[in-house]
Amino acid sequence: MDNALRAHELIARFLEGLASAEDSAELERLILEDVSVANDFAKATRFDSMLLELFGNDRTARETREVLEGANEIIVGAISDMEISSPPAGRRPSQTAVLNVHKRPSDRTKVVGVVMIGLFLSAMIGLAINSPRERNRPDAIVDAVKSNDDQSLISVADAQSNGVPVAVITQMVGARFSRVGFSPAVGDQFRTGGYRLTSGIVELTFAHSPEVILEAPCEFDLKGRELLLLHRGKMSAKVPKGAGEFTVETPSATVVDQGTEFAVQVDEKDDSEVHVFDGMVSVLPRSGTLLNPAILRGRSASAIGKKSPTPCGIDVDGDRFLRTLSEPESRYAQLVLEWHPVLYYRMLAAGSGIHDSGPLAIEASIVRGGSEGTPWTVGRIGSALQFGGPSVKDYAVVSDYPKTADDTLTVTAWVFAKSRPRSATIAKNWSGEDHGQFHFGLHHDYGQLEILITEHDGHVVSLRDKQPLPIGRWQHVAFVADGVMLRLYRNGNEVGAVPYTGIGGDPTLKAMGIGVQLNREGNQPDILRFNDDDPGISDYWHGRLDELAIFNHALDREQIKQLYESAQEL
C-alpha cells in the first residue's frame, strides 16, 4: 500500500477515534515525511473544529482562541511559499484542493515548512492520544447535545458569553430555545456554540452571505463562519456562488457546498439525508475509509447511514424542507386579490396565527395539539400550515368569519393529504346537527372531496367527487355557489354540480374551523358520535393546507381554471 493510501486510512481511523498508539505514531511519521499528507490531515480535521473539540472541556474559550492564534501564526509562517492548486488527476476531487509546494530557489524554506507543520500536527496527535478517547469521536459533541441538562448544550463553547459572532438572525417565527433566559431577537448575533431549537423557525445569515433556515425540533452547533454541525433535525441553505465553501457536518456525513441551494436532515438514528435543489455539493460519509466524496448536482439527493461508508441515491424531496420564510410573488396571489376575497389565508409562516391578506385582516388562531416543532412547512406556494390528523389534533379557528349575505359563495384552497381521516375538514362553518353555511372536506370513510351547504329552510344540499382525494399530491380544490348551481372543482376541472335555492344556515354559528369541525361555541373541536356507544371522533385534517381564500361572491369556471393553471408556472 503506497503512502498516500495508507495515510488516508490512518486519517480516517483517527477521525473515527479508532487509531491505536501505533497507528498514530505511523501517521505522525508520514506527516513529517510528506507535506501532502500533512495538508490532507489538516483539511480532514479542520484545525479550528478539531481544536475546539479537543480542548472544549478542558480549557476556557479564551485559552482555545490563544491556541488557535498560535497555530495560525505557525501555519502562516510555514506555508508562506506555498499556494493552493487543484489536485492531480486520480487524487481527491477539486473541492478538497491540496497545498502543493512549488519549486523555489531554495529548498530550505520547503523543508522548514514541512517540519513546522509536522511538529504542530504531531503535537495535536499527541494531545488527542493522551486525552480521553471519546474526544476523537465525530459525535462527541452530539453526546453533549443529547444531555438532559440544557446548560450543557450551551457550555460546549459558552456560546453567548465567550463565543465568536458568526451569523445574524434575519428572521424568526415562533422560535424558542431550551436554554432558560435565552430569547434572541431578529438582528441579534449568533455566536459559536451549541443550541437546541425546541419550537419555531430561525433564519441565520452568515458573514459571507449563506442563508440557513433551521426548523424545530433541531439541535445544532455553530463552529465558525463556514461550518455548522447539525446533530438532529432539518435545515436548508442558500449559498451564493462565489461566496466560498460552506460546510455542514452531521454524525454520519460531511457536506461541502460549492455555491448552491441544498437541505440536510438528521434523524434519531444519526442517519442523514442531503437534498440538492440547485448547484453542487460533495458528501463524504464519516464512517469507513472512503475519502472520495459523492458529488450531487442539480436536483439530486443521497442518504448516508452513520454505520455505512456508502452514500445511497434517493429521490430529491422539495416538499420536505422550508427554503424561504417569505411568500413569493405569484400570479396565483395576484389573481386572488384582484377578485376581492373576503378572507385570504396565504399561510405565511409568521407567529402563532394565520395572517389574513384580505381587506378585513381577520387573523386565524392556531391551536397546537400534540405536535412538536413548528406548524409551518413547505406549501404549494411559499409555506403552508401542517396538520397531524386525529392522533395529533392540530387545527385553526376564525372566531367570527364574515358570512355571505347574497346566496353566493366561493371557497378555494390547495390541499395535500397524508391520509384521509373520517370526514376530514378543509374548512367548515358547521357543528354536528347545527348546520352553518358550509361544510367543506372529505366524505366520511370514503375520502371523496365533498361540499355541503345549508339552504334558507334548513335543507342541506350535498355534492361530492367520484374518486377519493389523492394521497401525497397537491390538489387544487374549490366550490362555487353562483345563486343557481352549486359546483365542485378539483385541479381546475368541474367534478359535479347540483341546483340549490340559497345559502342560509344557523346565524348563531359564528366560527369557522380550519382543519377541524368546531363545536357550537367555536372554542374547541366538535365531538361526533354515531351511536350511544361511540366514544366520538373529530374530523381532523391530516396533511397540509395552503392558499385558503373565501369570496362572498361567485367565481366563474374560467376563473377557477386560471387559478389552477397559474400555480403550474411556479
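Basis of the calculations
Residues numbered from 1 in each chain as written. Predicted model: local features only at pLDDT ≥ 70, side-chain atom pairs only at ≥ 80, totals over all residues. Heavy atoms only, no water. Core = buried A, V, L, I, M, F, W, Y, C linked by side-chain atoms within 4.5 Å. Buried < 20%, exposed > 50% of the residue type's maximum accessible area, 1.4 Å probe, protein only. Helix = DSSP H or I, 4+ residues; strand = E, 2+ residues; numbered from the N terminus. Contact = heavy atoms within 4.5 Å. Pairing = 2+ DSSP bridges. Phe/Tyr/Trp six-rings, centres within 6.5 Å; stacked < 30°, edge-to-face > 60°. Lys NZ or Arg CZ within 6 Å of the ring centre and 35° of its normal.

> If you had to explain the nonpolar core to someone new, which residues and values would you point to?
Core analysis: the largest hydrophobic core is formed by 50 residues, its most contacted members being Ile354, Trp376, Phe438, Phe440, Ile514 and Trp541. Per element, the largest residue contribution to this core is five residues, and it comes from strand E22 (residues 409-417). Beyond its immediate sequence surroundings of up to four residues, Trp541 is in contact with Phe387, Gly388, Gly389, Val415, Phe416, Ala417, Ala424, Thr425, Ile426, Leu442, Leu469 and Gly515.

> Could you give an account of the pairing of strand E26 (residues 460-468), naming the residues involved and the relevant values?
Strand residues, when the strand is regular, have side chains that alternate between the two faces of the sheet. Bridging between strand E25 (residues 448-454) and E26 involves six bridges; their strand directions are antiparallel. What sits directly across from Ile451, in E26, is Leu463. Remark: five residues form the turn of the hairpin made by E25 and E26, two consecutive strands paired antiparallel; Gly458 in that turn has positive phi of roughly 90 degrees.

> How would you explain unusual backbone geometry if you had to name every residue and give the values?
Cis geometry marks the peptide bond from Ala216 to Pro217; its omega dihedral reads -5 degrees. Secondary-structure assignment places Pro217 in strand E6 (residues 211-224). Phi angles above zero are rare outside glycine, and His444 is one such case at about 40 degrees. When you line up the elements, His444 lands in the loop between strand E24 (434-442) and E25. For His444, a relative accessible area of 25% corresponds to the partly exposed category. Of note in the backbone geometry, Asn491 takes a positive phi value of approximately 55 degrees without being a glycine. Along the chain, Asn491 falls in the loop between strand E28 (485-490) and strand E29 (493-499).

> Which residues make up the packing of aromatic side chains, and what values do they have?
Counted under the stated rule, the structure contains 15 aromatic pairs. Taking the centre distance of 5.7 Å and the plane angle of 50 degrees together, the rings of Phe438 and Phe479 count as tilted. One end of the pair, Phe438, is in strand E24; the other, Phe479, is in strand E27 (residues 474-481), and 41 residues separate them in sequence. Judged on exposure class, the residue Phe438 and its partner Phe479 are both buried. Three or more aromatic residues joined by ring pairs make a cluster, and in this case those are Phe177, Phe182, Phe190, Tyr195 and Phe220. Cation over ring: Arg323 sits above Phe277, and NZ or CZ is 3.9 Å from the ring centre. Above the face of the Trp414 ring, Arg380 is positioned so that its terminal group lies 4.9 Å from the ring centre.

> Tell me about the sheet that holds strand E17 (residues 353-354), and name the residues and values.
Taken together, the eight strands give an open sheet; going across it, the order is E17-E18-E21-E30-E23-E24-E25-E26, and neighbouring strands pair in antiparallel fashion. This sheet does not close on itself; its edge strands, each paired only once, are E17 and E26. Looking at chain direction, strand E21 (residues 395-398) and strand E30 (residues 512-514) are connected through three bridges and run antiparallel. Bridge pairing in E30 places Val397 opposite Gly513.

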